Structures are given as C-alpha cells and as structure tokens.
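# Per-entry structural report
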Amino acid sequence: MTYAEFHRRSVEEPDAFWAEQARLIDWQQAPQSICDNSRPPFTRWFAGGTTNLCHNAVDRHLAARGDQPALISVSTETGVEKAYSFRELHAEVQHTAAMLQALGVRQGDRVLLYMPMVAEAVFTMLACARIGAIHSVVFGGFASVSLASRIEDAQPRVIVSADAGSRGGKVLAYKPLLDEAIRLSSHKPQAVLLADRGLAPMERVAGRDHDWAALRQAHLDTEVACVWLDATATSYTIYTSGTTGKPKGVQRDVGGYAVALAASMEHIFQGEAGATFFCASDIGWVVGHSYIVYGPLIAGMATILYEGLPVRPDAGIWWSLVEKYKVRTMFTAPTAVRVLKKQDPAFLKKHDLSSLKALFLAGEPLDEPTARWISEALGVPIIDNYWQTESGWPILTIANGVEKKASKFGSPGVPMAGYKVKILHESTGQELVEPGQKGVVVIEGPTPPGFMQTVWRDDERFVKTYWQSIPGRMVYNTFDWGIRDADGYYYILGRTDDVINVAGHRLGTREIEESISSHANVAEVAVVGVADALKGQVAMAFVVARDAAAVADEAGRLRLEGEIMKLVDSQLGALARPARVRFVSLLPKTRSGKLLRRAIQAVCEGRDAGDLTTIEDPAALRQVLDSLVG
Ligand code: AMP
C-alpha cells in the first residue's frame, strides 16, 4: 500500500482503519465502537473495549519472550547497570503494585512520581497502569514550586520519589525539594514511598514516609493481577507549560494510547520484538512515557533506561551501549546531537554500530547542519518527528514502515495516520492551501487515538485553549507556525505563543516571570526565548529593579542577577534558569500595557523588531538593546 492510501484510509475510514490497528494489542473485551465523536472535541476511542497497558507491555510477552531482556537500566552516574527480563519485570511490577495497594492506592487514584532515571520509576508507572491508578510523572529537574503546583492539581494519594538524582557527577537531593513542595501544597499525600540510592541523606516523616526496599521485602509473594479497564479510562496525566503560569495536566486514555503506540512502533519506528530500543530522553517528558516505557515494551522490545550525560565518561558512551546491547532503534533530541558534534568524531568510529537501523530526533527544530553531520557520521536514516505532549506520539514524520520515503532536510515530514493537519491564517481562520504560505498549524478533529482526552479536571480549559483559539473554527491549535511545500511536507517555524523550547524542553515564559517577580527587588520582568546554537533557545530576562540604585553599577547588577538565578533554580529548577538577566528602567509595551515580547526577542536575535506603531515608548526597546552590549 502506498503511504498516501494508508493515510487517506486513516482519516476517511477511521472506523475500519483503527479497528485493524486495534488488533495490534490484546483486549479482554473487544471495543463496542471505534471512533465515537458524538461530543466533539471529546473524541472517545474504542469505547466498551477493556484492556490494560501493563498487560500489553509486560504480561502478554511472558509466553514468547519471558527470558528476553525487557528493561535495561544503565546509569553512568552511579555505575549501576542491570537488565530485567520480561519475567523479572513482571515480578517487580507486581511487588510495586502490591506496595502501592498497601499504601492505600485504588483504581482512579493518582500517584505522583518525582524520580530520577531508575528502574523503580518504570516499575511504578507500570504498576499504576496495572491497577488502574493514574500516574503523574514530574520531571526530576523541576524544583519545589513547580512540583507543588503539580501536587496541588493532581491531588495524589501517594508520591513516589528517591533520595536524589545525579547529573554530571553532581548529586541533586530530591527529598528536601519534595518536602518543601508538600509544605507549599494545600493537598497532602497520604504516603510517600522513597527509593534510597544512598546518594543523599533523607529525613523521614514518621507515619507518612516509607522505605522502598523494606516495603518491597514485605510484598515479594503478593500477586497482583491486571485490572481490565475501559479503553476510555485515564491512564496518566502529564503537566506541560502554556501561556499562563499554571501548567496544564494533559490527560490520556488507556486503549487509544496503547493502539497508537503499537501502530507507531510498527509504521514509524519499525520496531522488532526481541530487538533493543534506546530512547535517550527522560521519563519526566512525554517522549519518555511513550518511547522509553510503553511503546518499546508493547512492541516486545528491550528498552534502555539511561541516567547520565551523552559525554560522560566520554562522548562514546551512547555508541558503546548501541554496540553492547545491539540497539536497533535510537531516539533523542537534536540538542544532544549538537553536544556530540562538538566532540571528537573518532568516538563514533570506535564502536560497531551495525545493529543500528535509524536515529529518530524530536522535541525541537532539527537544523540542517546537525542533521547532515549525524547522518554522515552514522550512515543510517535520520528521522525527524514533530509532536507535542498533547499528541502523545508523532504528528508529522516519515512512516518508513508503511512505504519508504525520502526525508527532506528541515522538514519533519508528512501527517501521520489519523492526523488531518492544516495551515490556517492566524486571525481570519482561513485555510492556506498554496504551498509556502505561512500560518498556524492546526489539526482537524476527530483527533487520532493516543491524543489527549482533555485537560485534567478542566474540560473548559481544554476547549477554550486548544479548540476555540482560532476565530470561527473548531480545530485543535498546535500553537506552532508552519508551512507546507508542494510535495505535502511540512516545516515548523516556531511557537505562536509564549512557550520556549530549551534543549528540547518546553517551558512557559510566564512561569519564569512569576518566579523572578517573587524577588523583593524586582518591579517588572519580561522573559523571552533567544536563539542559541547549542540549546536551540535559551531564556533571557529583562528586569526593572525596584531599587534602581542597587543595579547602578556592574557589581550590583551581577549580584542581583545571581540572586535571581538562584531563586529560579530553587523554585522551578535549573532548566528554567535564564541564561542572562539584564536590567532596564522600563520594558517595551504597547499603549494598552501589553509586553512586546516578540519585539524584545527580535532585538536580542539581531533582527528587525517589526511593526512598532503600537509601542508606548520606543526608548524602552533601545534600553533592551543597550543592556545586551557586554
Ligand atoms: P513538548 O510538548 O514538550 O513535546 O513540546 C512540543 C513543541 O516542541 C512543539 O509544539 C514544537 O514547538 C516543538 N517541537 C517538537 N518536535 C519538533 C520538531 N521535530 N521540529 C520542530 N519543532 C518541534
């Protein structure tokens, strides 16, 4: 079948198409309907069918491949390297499920994970899926305020965490950040389960905190069966940044997600049961959920869980893992490749990479020099894929598992199964059909299986934010600019909103601004994303100090910059820390008081600031420019 025909069927005959894809997973009870879009935009997939993500990821492989590796946990931070077969993973997941049950977790309860890249994190996610608890993984690099807002929103019965993470040999204690976050949140978890890696001392709260190893010991013999869940039940929530300071809980289902991942593993990633998948991301991000944990396991592949940097102990570490575990498919973000590109290319030649079939890159724009460099160095196809936390799996890429198609540098590719992608005029909502016309990338409903169900406990926000932002049109807004060429390939040209992308990580500038504003000497602040050769973008903050005398000289400016960076570090995490803080006496705004972020960003990037007819005081923009000098 040609890809064009495959895609046409997926959108024009969704019931027939997705009923076939649904056969890629196990069902306890077959779905009664395939695509129920009777109440748009709340599409329900495979309603009436019952299944379980953990069963599909683990249990169903026991008969054919019980002794094959399933989870390979590698940490170059602690030196731990351990492979779990499907049978061993099955046992660990049951121990963990029994522990969660003993701590009071029932079907539908939330379990929040704040964990480094350790096997226990994967056990916990799968254990939640097994018993129908809703997991909410918070990236371990986030700090107390970010964590607190997620605890507040998810209202977890139990939080699972660890003493510490480690990055580049530097231990980052999690427990004090977690304790502070629980203190800040009005919701308190009933229990906290703590994996002790022996990296940092932990203070225990009596009656609330439990030790992983001790509790596990008590549940070695407990068998916990999979709970058969309706396909439309909620499997997890994952928080993501938008234009407001409050992160959104992206809510995902069970059955649609399982089918979407199984289909993507076949059509896009060309997975092969028994082979190894290596996704160098983090379980705190959607890529980690879909392609470290669920996707490869559903496809019967071994998955590598990697804690560490790509350049430590040296820049050959990933390639040595490819050789050792005969990795077939690799997945990472362009930033990691840009980091490797700065190292000696000899590291790539030292290892036998003959098992590797393709490298997938996602999370941020893939620039042509990076793509060319890694493509020449590895000699395998480099496949860009564009998606979002909201979609759960690629929206645009090349489905070589259906039909081999050439990639084009600079383009992630074409729409995947079930995605009706359009380019619309930002303010009129008119569809732009001519090749090369720039507009907003949108998706027409019904959205495919695996796509977000809603915003956790906020249907109204889901509809208003995503589906009613373009005048006169009820379409899903990606908030990305894009164009399509004459061959139907799309190009993504950056966000339309105030979201920035630092090293493939999505951050809201408003959250950073709110954090900076909490400093006593900050009167006003604007944060913008500025192009960066390594990280894609970095955050830059422009601050108006309350006490101008404090920033009158270089020493004062450096002091306040340092304090602000420390503040952001402790509240949001190092990821959100601005690369630079600059001081001005007024910020560029419109006459109605709206910050002119795009103009600030343009000035920072040495571009023309665009239409400035609405600016209140042009001197503000000159100040921004002057503050950049030096
Ligand atoms: P996240 O939800 O964190 O995965 O971030 C999603 C955003 O990252 C998208 O809306 C895009 O702005 C950007 N993005 C992700 N993948 C790509 C890609 N392959 N090319 C260009 N931008 C991308």
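Let us look at the structure shown here. (Residues numbered from 1 in each chain as written. Predicted model: local features only at pLDDT ≥ 70, side-chain atom pairs only at ≥ 80, totals over all residues. Heavy atoms only, no water.)

### Here's the deal with the site of the ligand
- Near the ligand there are 14 residues, and of these Asp384, Thr389, Asp480, Arg495 and Arg506 occur at the shortest range.
- Contact with the protein chains removes 93% of the 490 Å² of surface that the ligand exposes when unbound.
- Elements that contribute at least two residues to the shell around the ligand include exactly strand S20 (382-385) and strand S27 (490-495).
- Of the residues that constitute the shell around the ligand, the class distribution is 4 nonpolar, 5 polar and 5 charged. (Near = heavy atom within 4 Å. Areas by Shrake-Rupley, 256 points an atom, 1.4 Å probe, with all protein chains shown as cover. Helix = DSSP H or I, 4+ residues; strand = E, 2+ residues; numbered from the N terminus. Nonpolar A, V, L, I, M, F, W, Y, C, P; charged D, E, K, R; others polar.)

### A closer look at the sheet that holds strand S17 (residues 302-307)
- Here 7 strands make up an open sheet; going across it, the order is S5-S4-S17-S16-S18-S19-S20 and the pairing mixed. Both outer strands of the open sheet, strand S5 (81-85) and S20, are each paired with one neighbouring strand and no more. Strand-to-strand, the axes of this sheet are offset by a mean angle of 20 degrees, without reference to chain direction.
- As paired strands, strand S4 (residues 69-75) and S17 are joined by 5 bridges and run parallel to one another. Its bridge partner lying in S17, Ile72 is registered against Ile304.
- Where helix H6 (residues 119-131) meets the sheet, its contacts fall on S4, S5 and S17, and the angle it forms with S4 comes to roughly 140 degrees.
- Helix-sheet contacts for helix H12 (residues 317-324) involve S4, S5, strand S16 (276-279), S17 and strand S18 (327-332), and the interaxial angle to S18 is about 150 degrees. (Pairing = 2+ DSSP bridges. Axes fitted to C-alpha atoms, helices over the stretch in contact; angles between N-to-C directions. Contact = heavy atoms within 4.5 Å.)

### Considering the packing of helix H5 (residues 86-102) against H6
- It is the contact of H5 with H6, at a shortest axis distance of 8 Å, that shows an interaxial angle of 70 degrees. Looking at the two axes, H5 sits roughly perpendicular to H6. With respect to the hand of their crossing, H5 and H6 are arranged in right-handed fashion. Between H5 and H6, the contacting residues are Leu89, His90, Glu92, Val93, Gln94, Thr96, Ala97, Leu100 and Gln101 on the first element and Phe123, Thr124, Leu126, Ala127, Cys128, Arg130 and Ile131 on the second.
- In terms of residue class, the contact of H5 with H6 is made up of 9 nonpolar, 5 polar and 2 charged. (Parallel < 35°, antiparallel > 145°, perpendicular 65-115°, else oblique. Left-handed = near helix turned anticlockwise from the far one by under 90°.)

### Side note on unusual backbone geometry
- Here Pro40 and Pro41 are connected by a cis peptide whose omega angle stands at 0 degrees.
- Mapped onto the secondary structure, Pro41 falls in the loop between strand S1 (35-36) and strand S2 (44-45).
- Residues Arg312 and Pro313 are joined by a peptide bond in cis, for which omega reads 5 degrees.
- Mapped onto the elements of the fold, Pro313 is located in the loop between S17 and H12.
- Although it is not a glycine, Lys326 sits at a positive phi angle of roughly 50 degrees.
- Phi is positive for Arg457, which is not a glycine, with a value near 55 degrees.

### Considerations on the environment of Lys188
- Mapped onto the fold, Lys188 is located in the loop between helix H8 (175-184) and strand S11 (191-195).
- Distance from Lys188 to Pro156, taken between C-alpha atoms, is 8.0 Å for residues 32 residues apart in sequence.
- Beyond its immediate sequence surroundings of up to four residues, Lys188 is in contact with Ile182 and Arg183.
- Here Ile182 takes part through its backbone oxygen, which lies 2.7 Å from a polar atom of the side chain of Lys188.
- Of note is the side chain of Lys188, whose polar atom sits 3.3 Å from the backbone oxygen of Arg183. (Polar contact = N/O pair within 3.5 Å; in protein donor to acceptor, adjacent residues only side chain to side chain.)

### Let's talk about the side chain of His505
- Tracing the backbone through its elements, the reader meets His505 in strand S29 (residues 505-508).
- Within the structure, His505 has its side chain in polar contact with the side chain of Trp285 (distance 3.3 Å).
- Excluding residues that lie within four positions of it along the chain, His505 makes contacts with Trp285, Ile500 and Leu575.

### Focus: the packing of aromatic side chains
- Counted under the stated rule, the structure contains 32 aromatic pairs.
- With 5.1 Å between their ring centres and 75 degrees between their planes, Phe6 and Phe17 make a pair best called edge-to-face. Of the two residues, Phe6 sits in helix H1 (residues 3-12) while Phe17 sits in helix H2 (residues 14-21), which places them 11 residues apart along the sequence. By the burial criterion, Phe6 is buried, and Phe17 matches it.
- Through successive ring pairs, a cluster of aromatic residues spans Phe42, Trp393, Tyr419, Phe451, Phe462, Tyr466, Trp467, Tyr476 and Phe479.
- A cation over an aromatic ring shows up here: Arg150 above the ring of Phe142, its NZ or CZ 4.6 Å from the ring centre.
- It is Lys438 that lies over the ring of Trp481; its NZ or CZ is 5.0 Å from the centre. (Phe/Tyr/Trp six-rings, centres within 6.5 Å; stacked < 30°, edge-to-face > 60°. Buried < 20%, exposed > 50% of the residue type's maximum accessible area, 1.4 Å probe, protein only. Lys NZ or Arg CZ within 6 Å of the ring centre and 35° of its normal.)

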